[in-house]
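# Close look at the chain arrangement
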Amino acid sequence: MDPSLKNKESEIVKVIDELVAAKPDTKFDENFKQQLRAKIMQKISAMPPKKISHGWFTVPKFAYAMGGLAILALVILPSLYFYGNKTPNAALSVLTSKSSSGVSVTKLAGNAFGALTAGQSNTAAEKTGSQSLAATAPSAVNTNDLAVSYPAPNTPSAGSGSVVAGSAGSGVSGVAASPTMMPIRATNYKFVYKGSDLPQLSDNMDVLKRVTDGGAASLSTVMANTGLNFIDWTKFSNTKLQNISFTENRDNGYQVYVNFDDGSVSISQNAQWVASGNGTTISSCMGTGCVPSPIQPIKIGDVPSDSKLIDVANGFLHDYGISLVNYGQPYVQNDWRIQYEATTDKANYWIPQSFSVIYPLMINGKEVYDESGNKTGLTVNVDITQMKATGVYNLMTQNYQSSSYPTENDSARIIKLAENGGFRQIYYWYGGNGESQEIDLGTPVLGLVQMWFYRDNQNQQMLVPSYIFPVTNKAAGAYYYQNSVVVPVIKDVLDWGNSSGGGVVPMMTGGVQAETAPATPPAVQPAPAVK
Amino acid sequence: MNKPKNSMQEEQKILDDCKKGNLKEFGALYDKYVRKIYDFIFFKTYHKETAEDIASQTFLKAVENVKNFDSRKGTFSSWLYSIARNTVIDYYRTRKFSANIEDFWDLSEENTIEEDIDRKENLEKIKAHLSKLTSAQREIIIMRVWQEMSYAEMAEILGKSEESCRMMFCRTLAKLKSEMPLALFILLLIKIIWI
């Protein structure tokens with residue numbers, strides 16, 4: 001305090017107290033924060049790469065970014081060296097030469113993929129089943145292909161933890177029940193849009209289809225390097241290399257599975273070598289039921305902060321040269337906390353040992369989401385007892401074709417569908433038997449939603465432009481997981497997902513009605529002002 | 001309260017990465033400062049949407065120019081706040097107001113923007129007193145009392161010494177106290193809080 005004001009100190013303190021009490025609410029909006037963040041990341045993605053100088057020549061820095069298939073080179077080439085081949089064989093060099101270290105998008109003519117939803121089933125069971133279809137997408141590990149006999153790595157399912165696949169029959173979607181959980185209440189969730197007017201979209205927007213090069217390779221050429229010459233490999237024709245796997249022969253090592261069919265790499269902790277040397281033997285299976293040594297239950301105080309988990313994940317990716325140039329800000333999946341908070345006996349609640357850090361994929365400046373509205377992309381599992389990365393998934397090539405398709409510009413229809421629960425209505429409507437809960441939806445952002453369509457006898461992964469409506473006030477209490485509501489803006493997909501007679505479209509008394517085809521085309525509306 | 005040393009080191013590492021072209025690291029700086037910058041701008045505009053708009057411009061300018069940021073000339077924090085302050089001034093100038101408008105309080109009755117309706121009535125009650133302060137005095141009060149900044153932080157941002165900031169703060173408080181009977185001040189503030 002200035003000496004000249006010392007005699008008025010008590011009064012000055014009162015003025016300060018009143019000023020503090022009068023501090024206005026700045027109305028800081030988390031939604032705004034996230035949207036601006038996405039905008040900044042988009043701007044960064046659109047910036048030209050910084051050129052780095054090597055003296056007499058400069059190269060774009062992106063040329064040095066390690067993409068998904070660069071790790072294949074790290075994986076494949078050392079194994080070839082082990083078998084005495086000093087140069088990469090021609091077949092495998094073909095594989096790597098087609099890879100890209102970043103995202104590549106090849107533009108095709110409009111409607112190049114045909115009717116996107118032609119031949120797709122539209123029943124409720126199959127719609128919700130499409131989420132489990134996504135969980136068994138080609139990027140998941142096929143245990144039959146593993147070279148060693150231990151359980152498949154724990155691959156996270158689409159939107160793992162946040163939505164239970166096939167849970168359309170329950171408005172109390174959750175995970176395995178604990179005897180100490182709060183009683184389940186039937187709740188009708190009514191979505192209410194409280195955001196700004198939607199901007200006018202262009203008449204067409206690009207749908208992306210992921211393409212893979214496959215593993216075309218001469219078997220005889222590949223096997224010639226292995227030393228396994230007791231069979232004439234040339235007798236096999238039109239072969240392609242589908243996958244390889246290997247393990248590190250050391251404590252706390254990793255096993256790696258490389259899938260050439262879909263250009264993906266999965267890494268997981270080698271379960272056979274979890275611990276040794278101190279007399280404690282860990283069996284090959286995981287979990288408290290199999291491990292001889294007692295595992296201490298995790299207490300809530302043991303759970304590290306999200307930033308520490310992200311640091312561990314970042315460290316692993318950095319150490320193994322996995323580039324994050326195509327990914328946005330990582331986040332930790334914490335949906336278990338929803339159930340934890342609802343549990344009455346928190347002391348005995350089973351807190352997970354492994355946490356997923358998710359790096360949302362970004363394509364053309366847009367973040368990629370799953371159908372439940374969760375950002376999706378590269379996933380790193382961190383074991384909090386070891387503070388170590390124990391798995392990496394969804395590390396894959398990002399090669400796409402794009403083709404433009406007509407968009408839906410009827411804002412009223414889009415908002416109505418959002419208020420009806422969006423593309424995948426997750427929660428069941430109990431009608432008069434349930435208590436009601438309003439869920440507010442904020443101004444949406446445009447993202448790309450990962451969808452799977454079964455066409456030409458294979459699952460095709462598409463990225464469909466969609467509005468992602470954020471939930472701005474999560475329902476208090478148990479079992480509400482949904483962070484956002486997805487509404488595709490591509491008419492083909494939107495019309496299929498909401499055609500009359502199909503899907504879990506609740507008839508809400510006094511609220512949103514199931515959509516039926518309009519009798520007349522909607523009137524053209526002037527572009528609403530963007531607030 | 002000074003920033004912990006390891007926090008400054010982490011911030012410097014992020015800035016070094018950004019300058020090398022790894023702009024994705026800017027996200028960490030954004031997360032650290034977005035709330036502070038937004039509040040800083042809000043206390044100059046008293047309008048949510050305007051504050052969001054100006055905060056957006058601030059960070060977009062920052063990310064465009066972070067590669068040119070020179071830590072020898074000042075901290076990142078002070079650089080970011082100066083961008084925010086200048087963007088607020090530009091905001092008022094582009095609306096053809098007087099060049100001396102630095103914040104909402106400098107607006108005369110004739111220059112009132114329609115968005116001010118939000119708290120116009122409430123702010124009228126306190127405006128008569130805070131408007132008598134200079135923009136520098138208002139800034140000091142708001143940064144110290146509402147944004148809880150240390151004198152060291154304020155000095156960095158305002159380009160003054162810590163002692164200078166401390167003295168200005170004390171004298172501004174004394175001025176506020178002398179120009180408004182405390183009972184009336186409390187009454188006015190109570191009305192603002194409950195409206």
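Computed from a predicted structure; not experimentally measured.

Turning to the overall build of chain B, a few remarks are in order. The secondary structure content of chain B amounts to nine helices and zero strands. Helices and strands in chain B line up, N terminus first, as α-α-α-α-α-α-α-α-α. Per-residue burial over chain B gives 33% buried out of 195 residues. Sequence-distant contacts in chain B: of pairs separated by 6 or more residues, those separated by 24 or more amount to 65%.

Before going further, it helps to examine the overall build of chain A. Secondary structure assignment for chain A yields 10 helices and 19 strands. Here chain A, with 531 residues, has 34% of them falling under the buried criterion. A sequence separation of at least 24 residues applies to 72% of the contacts in chain A between residues at least 6 apart.

Here we take up the sheet that holds strand 7 (residues 254-259) of chain A. Residue and element names in this part refer to chain A. Strand order in this open sheet of seven strands is 6-7-8-14-13-10-9, and the pairing throughout is antiparallel. Edge positions in the sheet fall to strand 6 (243-247) and strand 9 (331-332), since each has one partner strand and no second. Pairing of strand 6 with strand 7 involves five bridges; the strand directions are antiparallel. Its bridge partner lying in strand 7, Asn243 is registered against Asn259.

A separate point is the interface of chain B and chain A. On the side of chain A, 32 residues touch chain B, which itself brings 33 residues to the contact. Breaking the side of chain B that touches chain A down by element, the ones donating at least two residues are helix 2 (26-45), helix 3 (48-65), helix 6 (135-146), helix 8 (162-179) and helix 9 (182-194) of chain B. If you tally residues by element for the side of chain B that touches chain A, the top one is helix 2 of chain B, at eight residues. Here the residues of the side of chain B that touches chain A sort into 23 nonpolar, three polar and seven charged.

The next point concerns unusual backbone geometry. Within the chain, A:Asn394 stands out as a residue other than glycine whose phi angle is a positive 60°. Relative to the helices and strands, A:Asn394 resides in strand 14 (residues 388-396). Residue classification places A:Asn394 among the buried positions, given that 21 C-beta atoms sit within 10 Å. Of note, the phi angle at B:Glu148 is positive, near 55°, even though the residue is not glycine. Among the structural elements, B:Glu148 can be located in the loop between helix 6 and helix 7 (151-158).

The next thing to look at is the nonpolar core. One finds A:Ala313, A:Val380, A:Ala418, A:Val464, A:Val487, B:Ile37 and B:Ile41 to be the most contacted residues of the largest nonpolar core, which totals 119 residues. The element that contributes the greatest number of residues to this core is helix 2 of chain B, accounting for 11 residues. Contacts of B:Ile37, omitting those with residues within four sequence positions, involve B:Ala55, B:Thr58, B:Leu80 and B:Ala84.

For any two helices packed against each other, the geometry comes down to the angle between their axes and how far apart the axes lie. Residues and elements named next belong to chain B. The N-to-C vectors of helix 4 (residues 76-94) and helix 7 enclose an angle of 55°; their axes lie 8 Å apart at closest approach. Compared by their axis directions, helix 4 and helix 7 come out oblique. In this structure, helix 4 meets helix 7 at a crossing whose hand is right-handed. Facing helix 4, whose interface residues are Ser77, Ser78 and Tyr81, helix 7 presents Glu153, Glu156 and Ile157. Of the residues contributing to the contact of helix 4 with helix 7, the split by class is two nonpolar, two polar and two charged.

This brings us to helix 7 (residues 306-319) of chain A. Residues and elements named next belong to chain A. Here helix 7 is 14 residues long and its end C-alpha atoms lie 20 Å apart, about the 20 Å a rise of 1.5 Å per residue gives. In this structure, the buried side of helix 7 is in contact with strand 9, strand 10 (354-360), strand 13 (377-383) and strand 14. In the stretch just after helix 7, Gly321 is the one whose phi turns positive, near 65°.

Residue and element names in this part refer to chain B. Taken N-terminus to C-terminus, the directions of helix 2 and helix 4 make an angle of 35°; their axes are 10 Å apart at the nearest point. In the packing of helix 2 onto helix 4, the handedness of the crossing is right-handed. In this structure, helix 2 uses Leu29, Tyr33, Ile37, Phe40, Ile41, Lys44 and Thr45 to contact helix 4, whose residues at the interface are Phe76, Leu80, Tyr81, Ala84 and Val88. Residue composition of the contact of helix 2 with helix 4, by class: 10 nonpolar, one polar and one charged.

All names here are of chain A. Burial analysis of strand 10 places six of its seven residues in the buried class, the great majority of the element. Pairing geometry for strand 9 and strand 10, over two bridges, is antiparallel. Bridging across to strand 10, Tyr331 finds its partner in Ile358. In this sheet, strand 13 lies alongside strand 10 in antiparallel orientation, the contact comprising seven bridges. Among the inter-strand pairings, Pro360 is bridged to a residue of strand 13, identified as Gly377.

Moving on, we come to helix 4 of chain B. Counted at 1.5 Å a residue, the expected span for helix 4 of chain B with its 19 residues is 27 Å, and the 27 Å between its end C-alpha atoms agrees. For helix 4 of chain B, the complete set of buried residues consists of B:Phe76, B:Ser77, B:Leu80, B:Tyr81, B:Ala84, B:Arg85, B:Val88, B:Tyr91 and B:Tyr92.

What follows deals with the confidence of the model for chain A. Per-residue confidence for chain A gives a mean pLDDT of 70, with 61% of residues at or over 70. Confidence drops under a pLDDT of 50 for residues 52-68 of chain A, and excluding neighbours within four residues, the segment shows 34 contacts in the predicted structure.

Turning to the pairing of strand 12 (residues 366-369) of chain A, a few remarks are in order. Each regular strand carries side chains that alternate between the two faces of the sheet. All names here are of chain A. Here strand 11 (residues 362-363) runs beside strand 12; their pairing, made up of two bridges, is antiparallel. Considered in strand 12, the bridge of Ile363 is made with Lys366. Connecting strand 11 to the antiparallel partner strand 12 that follows it, the hairpin turn spans two residues, and Asn364 within it adopts a positive phi of roughly 50°.

With that settled, the discussion passes to the environment of A:Ser45. All names here are of chain A. Summarising the element assignment, Ser45 is placed in helix 2 (residues 30-46). Residues Ser45 and Ile363 lie 318 residues apart in sequence; the distance between their C-alpha atoms is 8.9 Å. Those residues in contact with Ser45, other than ones at most four positions away along the chain, are Met362 and Gly365.

The next thing to look at is the confidence of the model for chain B. Parts of the model with low pLDDT should not have their predicted coordinates read in detail. Residues and elements named next belong to chain B. Averaged over every residue, the pLDDT of chain B is 77; residues scoring 70 or more account for 70%. In the model, residues 114-118 has pLDDT below 50 throughout and makes five contacts with residues more than four positions away in sequence or in other chains. Here residues 191-195 scores under 50 on pLDDT; set against residues more than four positions off or in separate chains, the count is eight contacts. Predicted as a complex, the structure gets a pTM of 0.51 and an ipTM equal to 0.81.

Definitions and limits used
- Residues numbered from 1 in each chain as written.
- Chains lettered and ligands numbered in written order.
- Predicted model: local features only at pLDDT ≥ 70, side-chain atom pairs only at ≥ 80, totals over all residues.
- Helix = DSSP H or I, 4+ residues; strand = E, 2+ residues; numbered from the N terminus.
- Buried ≥ 20, exposed ≤ 12 C-beta atoms within 10 Å, placed from the backbone.
- Contact = placed C-beta atoms within 7 Å.
- Pairing = 2+ DSSP bridges.
- Nonpolar A, V, L, I, M, F, W, Y, C, P; charged D, E, K, R; others polar.
- Core = buried A, V, L, I, M, F, W, Y, C linked by C-beta atoms within 7 Å.
- Axes fitted to C-alpha atoms, helices over the stretch in contact; angles between N-to-C directions.
- Parallel < 35°, antiparallel > 145°, perpendicular 65-115°, else oblique.
- Left-handed = near helix turned anticlockwise from the far one by under 90°.
- Expected span 1.5 Å × (residues − 1).
- pLDDT = per-residue confidence, 0-100.

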